[in-house]
Amino acid sequence: MRKTMLLTLAAVAMVICSEASAQQPIIIKFSHVVAPDTPKGKGALRFQELAEKYTGGKVKVEVFPNSTLYKDKEELEALQLGAVQMLAPSLAKFGPLGVKEFEVFDLPYIIPDKAALARVTKGKVARDLFAKLAPKGIEGLAYWDNGFKIMTANKPLHHVADFHGMKMRIQSSKVLEAEMRALGAIPQAMAFSEVYQAMSTGVVDGAENPPSNIFTQKMHEVQKYATMSNHGYVGYAVIVNKKFWDGLPDEIRTQVRKAMDEATDYANGIAQQENDDAIAAMKKAGTMTFYELTADEKAEWMKAMQPVADEMASRIGKDLIAEFQKEAAGGS
């Protein structure tokens, strides 16, 4: 009798534990390296709101901005190990991971405008690039826009000769290394969270960033000049640990995908306005002088950086570069 009672109590306890476990929300830790008030930061918060809403609370999204969990070099490994479920790294981060084809986005002046960008990120090239992440244990969910880069430094950068000997911070990317060397600068790969300090102490002389990143990280307080070059692009890939993603119940995965699609439309929709607002705020602060390249100066920059695509063709893939350029131009 006693044995039967114990077995019954044990069975009841297992049921209670099982039900309690079933009621626990699925946690998605979403880590990123920028401020909450950037396009990516706001996109992450919108995704958090929508994912929890559409799943009826069955999913809980924890957002960790400003490298509070992981820095640039650590976050991808953390995702692969399952220590974090979701990231939105810049596209340049996939080169060091071994998927160097993503560095096509880093090529200078390869994306002429927003319309060209939309054609590429919604096209075959973007889908094929995401497919290359699967063997790395990563599922690509979306492309988020952060805008075109401008140059900042503590001296005016109008001509290519102005870059000679300048220590310019870059993301870890062979393409960006080649870009800076083509300009005569010395590339300095560095985690984003370390850039402000490096600028304030003279470890680096300048950098390339979209305006919203410059403003939210207060780089305009330690850099005197900005050149509106729009020479390159910064975008992000929202990615998730593939094992975690594949293990989600179908209904939950569909709801989370819906939340991501809507958060993507939101993030991409505000990116340009956020950059425009950042420029206006920095001009109002009066600590940084902004300069628009003349047509001749822009042509000079483009000519200097033109060889980078040829130099990187063997690394990225000549055919991929050509396909990217064709999509950007509106070809099918």
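Below, the structure is looked at part by part. (Residues numbered from 1 in each chain as written. Predicted model: local features only at pLDDT ≥ 70, side-chain atom pairs only at ≥ 80, totals over all residues. Heavy atoms only, no water.)

1. A short note on the pattern of salt bridges
So, point 1. Evaluation of the coordinates by the stated rule reveals 14 salt bridges.
So, point 2. The partner of Glu101 in a salt bridge is Lys132, with the nearest N and O atoms 4.0 Å apart. With Glu101 in the loop between α4 (94-97) and α5 (114-121) and Lys132 in the loop between α6 (124-131) and β4 (138-148), this pair connects stretches of sequence that are 31 residues apart.
So, point 3. With its nearest N and O atoms 2.5 Å apart, the salt bridge here joins Asp145 to Lys114. Taken together, the residues span a long stretch of sequence, with Asp145 in strand β4 and Lys114 in helix α5 at a distance of 31 residues.
So, point 4. According to the relative accessible area criterion, Asp145 is buried, its value standing at 7%. (Salt bridge = Lys/Arg side-chain N within 4 Å of Asp/Glu carboxyl O. Helix = DSSP H or I, 4+ residues; strand = E, 2+ residues; numbered from the N terminus. Buried < 20%, exposed > 50% of the residue type's maximum accessible area, 1.4 Å probe, protein only.)

2. A closer look at unusual backbone geometry
So, point 1. With a phi angle near 60 degrees, Lys218 is a residue other than glycine that sits in the positive phi range.
So, point 2. With respect to the secondary-structure elements, Lys218 resides in the loop between α9 (211-216) and β9 (225-227).
So, point 3. Relative accessible area serves as the criterion here: at 46%, Lys218 is assigned to the partly exposed category.
So, point 4. In this model, Asn230 sits at a positive phi of 45 degrees, which is unusual for a non-glycine residue.
So, point 5. Topologically, Asn230 is positioned in the loop between β9 and β10 (233-241).
So, point 6. Overall, the relative accessible area of 40% leaves Asn230 in the partly exposed class.

3. Details of the pairing of strand β5 (residues 150-153)
So, point 1. Here β5 shows a buried face lined by Ile150 and Thr152 and a second buried face lined by Met151 and Ala153.
So, point 2. Here four bridges tie β5 to strand β8 (residues 206-209), and the two strands are oriented antiparallel to one another. Bridge pairing links Ile150 to Asn209 in β8.
So, point 3. Sheet analysis places β5 next to β9, joined by three bridges and oriented antiparallel. Residue Met151 lies in a different strand from β9, and its bridge partner there is Thr227. (Pairing = 2+ DSSP bridges.)

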